[in-house]
Amino acid sequence: MRPRPFVLAAATAIAMSTPFVATATAAPATAKVTTYSIKNSGQTVSMVRGTVFRVHLHYCGDCGDSWSFAQKPAPHIVAFEGRKNTSTAKPPAVGGENDGYWTFKATGPGTTKIRLAEHSAQKSGRVTKRFTLTVKVAAALANSGCPTPSRLAAAGEVLGQRA
């Protein structure tokens, strides 16, 4: 069905009368994943819902050291998606350096903390290092006011016509 001229004119008028502001509701699938390290400990970072990020921490796993959550983030704000560990030692060798990567996804608006603690085997499992990251998640950037299919359909209904 071909759109009627006055419906197109109404849609154009709506589009032209509203200011344009870019919107972002989620990180694109090809977006670069931001990585935070011990250097970022104590910082507050801001992002939009859908952003995927990770924390990278170095440790001596072959020495018996390990990182674990001291406080997991609130899952309705930031979801923990998984952990990957790597070592420079190629089996059967031991003594390599280890890296832990924790992956997270911003799931909803709010503020939460990610707290990790390194436990040392040489110090009877005591905490020797701490990592804290405060994450603020926005639902999305401000609404652009740009016409969406539902707004265009509503414009047609206001004029008594359907597109």
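Residues numbered from 1 in each chain as written. Predicted model: local features only at pLDDT ≥ 70, side-chain atom pairs only at ≥ 80, totals over all residues. Heavy atoms only, no water.

Draft legend 1. Seen up close, the overall build of the protein. Helices and strands together make up the secondary structure of the protein, namely two helices and eight strands. Ordered by position from N to C terminus, the α and β elements of the protein give α-β-β-β-β-β-β-β-β-α. Across the 163 residues in the protein, those meeting the buried criterion constitute 28%. Considering only contacts within the protein whose residues lie at least 6 apart along the sequence, 70% involve residues at least 24 apart. (Helix = DSSP H or I, 4+ residues; strand = E, 2+ residues; numbered from the N terminus. Buried < 20%, exposed > 50% of the residue type's maximum accessible area, 1.4 Å probe, protein only. Contact = heavy atoms within 4.5 Å.)

Draft legend 2. Representation of the environment of K84. Looking at where K84 falls in the secondary structure, it is placed in strand β5 (residues 78–87). In sequence terms K84 and D99 are 15 residues apart; their C-alpha atoms lie 8.3 Å from each other. When near neighbours in sequence (up to four residues on either side) are disregarded, K84 contacts D99, G100 and Y101.

Draft legend 3. Quick peek at the nonpolar core. Counting 19 residues, the largest nonpolar core has M47, F53, V78, L116, F131 and V135 as the members making the most contacts within it. Among the elements of the structure, β2 (44–48), β3 (52–59), β6 (98–106), β7 (110–120) and β8 (126–138) are those that each provide at least two residues to this core. With sequence-adjacent residues up to four places away left out, F131 is seen in contact with Y36, S37, I38, N40, S41, V55, L57, W67, I114, R115 and L116. (Core = buried A, V, L, I, M, F, W, Y, C linked by side-chain atoms within 4.5 Å.)

Draft legend 4. Here's a closer look at the packing of aromatic side chains. According to the stated counting rule, one finds five aromatic pairs in the structure shown. Between F53 and F104, the ring centres sit 5.4 Å apart and the planes meet at 20°, which makes this aromatic pair stacked. Here the residue F53 occupies a position in strand β3, and F104 occupies one in strand β6, the gap between them amounting to 51 residues. Each member of the pair, F53 together with F104, is buried. Among the aromatic residues, ring-to-ring pairing joins Y36, F53, F69, F80 and F104 into one connected group. (Phe/Tyr/Trp six-rings, centres within 6.5 Å; stacked < 30°, edge-to-face > 60°.)

Draft legend 5. The environment of R54, seen in detail. Position of R54 relative to the elements: it lies in strand β3. Note: C-alpha distance between R54 and Y101 (47 residues apart in sequence) is 6.5 Å.

Draft legend 6. The arrangement of the side chain of T134 in detail. Considering the arrangement of structural elements, one finds T134 in strand β8. Here T134 falls in the buried class, since its relative accessible area comes to 11%. If sequence neighbours within four positions are ignored, T134 has contacts with Q43, T44, V45, T111, T112 and K113.

Draft legend 7. How the structure looks around the side chain of N40. With respect to the helices, strands and loops of the structure, N40 is situated in the loop between β1 (34–36) and β2. The exposure class of N40 is buried, given its relative accessible area of 17%. Once residues within four sequence positions are removed from consideration, N40 is found in contact with T35, F131, T132 and L133.

Draft legend 8. Fine view of the state of the cysteines. In the structure shown here, the tally under the stated rule is one disulfide. Between the sulfur atoms of C60 and its disulfide partner C63 the distance amounts to 1.9 Å. On the S-S bond that ties C60 to C63, the torsion sits near 55°, and the link is right-handed. (Disulfide = S-S within 2.5 Å.)

By themselves these figures say nothing about function.
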